[in-house]
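So the chains spell out like this:
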Protein chains: 2
Amino acid sequence: MAVKKIGTQTIKLKNPPSILETATITGSKEGEGPLGQYFDVILSDDLYGEESWEKAESKMTREAVKLAINKANLHPDNIDYMFSGDLLNQIISSSFAARELQIPFFGLYGACSTMTESLSLSSMIIDGGYADYVIAATSSHFASAERQYRFPLEYGGQRPPTSQWTVTGAGAALLSSSGNGPYITYVTTGRVMDFGVKDANNMGAAMAPAAADTILRHFKDTGFNPNDYDIIITGDLGKVGKELAVELVKKGGYDISNIYTDCGVEIFDLSEQDVHSGASGCGCSAVVFCGYLYKQLKAGRFKRILLISTGALLSPTSSQQGESIPGIAHAVAIERSV
Amino acid sequence: MAVKKIGTQTIKLKNPPSILETATITGSKEGEGPLGQYFDVILSDDLYGEESWEKAESKMTREAVKLAINKANLHPDNIDYMFSGDLLNQIISSSFAARELQIPFFGLYGACSTMTESLSLSSMIIDGGYADYVIAATSSHFASAERQYRFPLEYGGQRPPTSQWTVTGAGAALLSSSGNGPYITYVTTGRVMDFGVKDANNMGAAMAPAAADTILRHFKDTGFNPNDYDIIITGDLGKVGKELAVELVKKGGYDISNIYTDCGVEIFDLSEQDVHSGASGCGCSAVVFCGYLYKQLKAGRFKRILLISTGALLSPTSSQQGESIPGIAHAVAIERSV
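Since the model is a prediction, treat every value here as computed from it, not as a measurement.

1. What about the overall build of chain A?
A count of helical and extended segments in chain A gives 10 helices and 15 strands. A compact globule built from 338 residues would reach a C-alpha radius of gyration of about 20 Å, and chain A, at 18 Å, matches this within 12%. Oriented by its inertia axes, the alpha-carbon framework of chain A measures out at about 50 × 45 × 35 Å. Across the 338 residues of chain A, 67% fall into the buried class. As displayed, chain A has an accessible area near 10,600 Å², and 46% of this comes from carbon and sulfur atoms. In chain A, 28 side chains carry a positive charge and 37 a negative one; their mean positions are 6 Å apart.

Laid out in structure tokens, this is it:
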């Protein structure tokens, strides 16, 4: 009956949606990194003219969505649905953006897995015949995340070497039932995995098992091998989590080491930009995908990629109550042509 | 192209999913209310044997999902997807439940609109051919919500007359591509509406515009009238918000006053149970639907209902920063037979 499902966790899209346009807005640090040239807007002021980090983040989401829609010569009225979420409590960055945009809105929470969660649901909604145009978006902001999850910046807390730097950035992708690609062709939805990591300064290790589980599930469900992809890229495992993911996938019988990397390793220059183990945040895989990867696909330099955004499902309350950090990862395959 | 869409915000499901089973777990106060007889499990201890309110809430979600699956003689392995969210920061109630259940998981955040948000997405995923069995769930807990959004219970804060009482309860609905109904037949997805209400003790007023907007949109998109339904019921507007919603819908040209009520008004005895304006929380429409309404539909006492869960998209941070409270409401039509 579930005619589009293959294996246990993967959907093969019969009418693959085309990614018409994307848009990215990042902070200045992200703009100075090795992928800076691929971002549409680089803020010189991370407050974006607003009175708080949270309002700045919401404005980034709103403006990224508007920019993606404008690039396609469309108007928010033309968009059937918006799928978006973020790290802030009660996803206020996304909700307040959706208030201005007036697009029918499905709020998501997948922590840093949100980019592929929103791409997954947007793809199915278009492929299923429910929508012509859907926006998938997410954001994070270094300063709003630090004060919510760790310490206010003014406190000057020390960061251990395994810690990661939350990306200041918003990405939006406009998907359509028609268009010339790149296309979303497969969706592998993750389960919540927990290997008992309790260190909120080592989220890469907490998320790696979820990433490996979803990658392995994708191969098993589809029959694909690592060499069917030009690049396999996780969301924000950072240097520590990336090594762990390679190991765990190898234990599962697949060697991805040649074509695998992590958005959190690529977005900053790890030796120069003082970000310790790399980047994190919903915005990390959002701007690396909507900026760098999308443009490589569009130009034909990548033919086929597997993007796996990775989320750590902790809250300060769950950590205070002694809980370990569960992770989740959702994968989407994106191809230049179908 | 979006062949299943009618009007601007409504989907007509071609292969309406059947709601196979539901399950509800509530606190003792909800069990003593007028709908107590319709709930599956009524806790005598609102801590549910756990060490914290948050852990108790997550256990309620997990056990409600397991109970719904068990009633259908199925196993969590048989379920294709789980859509769930809750009010807690980073939706830890849902995420930690999904960790135990190991069902591929889409985390949602729609505040108290989550029950119909999860029913909407579950319905489209089944109707679209992506899944045979999907769980839609949500929860709230009076004590975990009070300490996160207002004051810890120990503080003994006074509650103004417009305030509402967060339901302690979890509801889960098991949807399937086959079955004998009731069926979900229409899905109307809301936009974020904001009329400038800033009083976090008057959420009914903050959410009423969103409820009215979605109800009016549903009528316009489908051509239906209020008398096409046996009952039209919002999520948790309470007494104050309910009156406002009737007025706003009347201004839009439809009189729903004869067949309209609100789950937050029905679940408690407002004159006896000291809940001021009524109930609120994701769990409110979840247990009223999965308990009372589902059983009435199953028994044929209702033939056709319109359920509109309503969410207030505030956070303590957005309120502190002077923001008003945006609302959202998603509607699903549920019919005994198709």
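Text resumes after the structure shown.
2. Concerning the nonpolar core
With 97 residues, the main nonpolar core has L119 and F289 of chain A together with L119, F289 and L293 of chain B as its most contacted residues. Counting residues per element, this core draws most heavily on helix 9 (residues 282-298) of chain B, at 10 residues. Ignoring sequence-local partners within four residues, the contact set of F289 of chain B consists of I19, L119, Y294, L297, I305, L307 and I334 of chain B. Judged by nonpolar contacts, the second largest core, of 66 residues, contains M60, I79 and Y109 of chain A together with I25 of chain B.

3. Examining the side chain of Q296 of chain A
Along the polypeptide, Q296 of chain A turns up in helix 9 (residues 282-298). Among residues more than four places away in sequence, those in contact with Q296 of chain A are Y38, R301 and F302 of chain A.

4. Focus: the interface of chain B and chain A
With 65 residues of chain B at the interface, the matching set in chain A holds 65 residues. The interface formed by chain B and chain A includes 6 salt bridges. Notably, a salt bridge pairs D194 of chain A with R99 of chain B, separated by 2.5 Å at the nearest N-O pair. At the junction of chain B and chain A, the tally comes to 40 residue pairs in polar contact (both at pLDDT 80 or more). For the side of chain B that touches chain A, the secondary structure elements donating two or more residues are helix 2 (53-71), strand 5 (81-86), helix 3 (92-101), strand 6 (105-107), helix 4 (114-127), helix 5 (142-149), helix 10 (316-320) and strand 15 (327-335) of chain B. Split by residue class, the side of chain B that touches chain A holds 32 nonpolar, 20 polar and 13 charged.

5. Thoughts on the side chain of Q273 of chain B
Note on placement: Q273 of chain B falls in the loop between helix 8 (263-266) and strand 13 (279-280). Not counting the four nearest positions on each side in its chain, Q273 of chain B is found in contact with K29, E32, G33, P34, I267 and F268 of chain B.

6. Some thoughts on helix 4 (residues 114-127) of chain A
Residues and elements named next belong to chain A. The first and last C-alpha atoms of helix 4 sit 20 Å apart over 14 residues, in line with the 20 Å expected at 1.5 Å per residue. The element helix 4 is largely enclosed, with a buried count of 14 among its 14 residues. Positive backbone phi, approximately 90°, marks G129, located one or two places after helix 4.

7. Points about the packing of aromatic side chains
Evaluated as defined, the whole model comprises 18 aromatic pairs over all chains. Aromatic side chains F151 of chain B and Y155 of chain B sit 4.7 Å apart centroid to centroid with 25° between the ring planes, which places their arrangement in the stacked category. Between F224 of chain B and Y229 of chain B the ring centres are 6.2 Å apart and the planes differ by 85°, which places this aromatic pair in the edge-to-face class. The exposure classification of F224 of chain B matches that of Y229 of chain B, with both residues buried. Through successive ring pairs, a cluster of aromatic residues spans Y38, Y292 and F302 of chain A. Over the face of the ring belonging to W165 of chain B we find K29 of chain B, whose NZ or CZ atom lies 4.2 Å from the ring centre. Between the NZ or CZ atom of K29 of chain B and the centre of the ring of F268 of chain B, over which it lies, the distance is 5.9 Å.

8. Looking at the domain arrangement of chain A
All names here are of chain A. Each assigned domain of chain A is listed with its residue range as follows: domain 1 (5-176) and domain 2 (183-335). For domain 1 versus domain 2, the separation of C-alpha centres amounts to 17 Å. Both faces considered, domain 1 and domain 2 share a buried interface measuring about 5,000 Å² in area, 62% of it formed by carbon and sulfur atoms. At the surface where domain 1 touches domain 2, the tally comes to 1 salt bridge. Applying the counting criterion to the domain 1 and domain 2 interface returns 30 residue pairs in polar contact (both at pLDDT 80 or more). With 9 residues, strand 3 (residues 18-26) is the largest single contributor of residues to the side of domain 1 that touches domain 2.

9. Considerations on the relation of the copies chain B and chain A
With an axial shift of 0.0 Å and an RMSD of 0.0 Å, the rotation relating chain B to chain A amounts to 180°. In the structure described here, the two chain copies are related by an operation that fits a two-fold rotation axis. Residue L108 of chain B of chain B places its C-alpha closer to the rotation axis than any other residue of that unit, at 2.1 Å. Take the interface residues of chain B: 100% of them recur as interface residues in chain A, which is what a same-surface contact looks like.

10. A closer look at the pairing of strand 10 (residues 183-188) of chain A
Residues and elements named next belong to chain A. The buried fraction of strand 10 amounts to 6 of the 6 residues, a majority that puts the element mostly inside the structure. One ladder, built from 3 bridges, connects strand 2 (residues 10-12) with strand 10; its direction is antiparallel. Bridge pairing in strand 10 places K12 opposite Y186. Both strand 10 and strand 15 (residues 327-335) contribute to a ladder of 5 bridges, which runs antiparallel.

11. Some details on helix 3 (residues 92-101) of chain A
In terms of burial, helix 3 of chain A is a largely internal element, 9 of the 10 residues being buried. Within helix 3 of chain A the residues assigned to the buried category are I92, S93, S94, S95, F96, A97, A98, R99 and L101 of chain A. Looking at the buried positions of helix 3 of chain A, the neighbouring elements they touch are helix 2 (53-71), strand 5 (81-86), strand 6 (105-107) and strand 7 (133-140) of chain A together with helix 10 of chain B. The first or second residue beyond helix 3 of chain A is Q102 of chain A, which carries a positive phi of 60°.

12. Notes on unusual backbone geometry
All names here are of chain A. The step from G181 to P182 runs through a cis peptide bond, and the omega angle for that step is 0°. Along the chain, P182 falls in the loop between strand 9 (169-176) and strand 10. Backbone geometry places I91, a non-glycine residue, at a positive phi of 35°. Among the structural elements, I91 can be located in the loop between strand 5 and helix 3. In this structure, H276 is a non-glycine residue whose phi angle is positive, near 55°. Residue placement: H276 occurs in the loop between helix 8 (263-266) and strand 13 (279-280).

Conventions and cut-offs
- Residues numbered from 1 in each chain as written.
- Chains lettered and ligands numbered in written order.
- Predicted model: local features only at pLDDT ≥ 70, side-chain atom pairs only at ≥ 80, totals over all residues.
- Heavy atoms only, no water.
- Helix = DSSP H or I, 4+ residues; strand = E, 2+ residues; numbered from the N terminus.
- Rg over C-alpha atoms; globule rule 2.2 N^0.38 Å.
- Buried < 20%, exposed > 50% of the residue type's maximum accessible area, 1.4 Å probe, protein only.
- Areas by Shrake-Rupley, 256 points an atom, 1.4 Å probe, with all protein chains shown as cover.
- Lys, Arg positive; Asp, Glu negative; His and termini not counted.
- Charge placed at Lys NZ, Arg CZ, Asp CG, Glu CD.
- Core = buried A, V, L, I, M, F, W, Y, C linked by side-chain atoms within 4.5 Å.
- Contact = heavy atoms within 4.5 Å.
- Salt bridge = Lys/Arg side-chain N within 4 Å of Asp/Glu carboxyl O.
- Polar contact = N/O pair within 3.5 Å; in protein donor to acceptor, adjacent residues only side chain to side chain.
- Nonpolar A, V, L, I, M, F, W, Y, C, P; charged D, E, K, R; others polar.
- Expected span 1.5 Å × (residues − 1).
- Phe/Tyr/Trp six-rings, centres within 6.5 Å; stacked < 30°, edge-to-face > 60°.
- Lys NZ or Arg CZ within 6 Å of the ring centre and 35° of its normal.
- Domains from an automatic or database assignment.
- Buried area = accessible area lost by both parts, 1.4 Å probe.
- Least-squares fit on C-alpha atoms with pLDDT ≥ 70 in both.
- Pairing = 2+ DSSP bridges.

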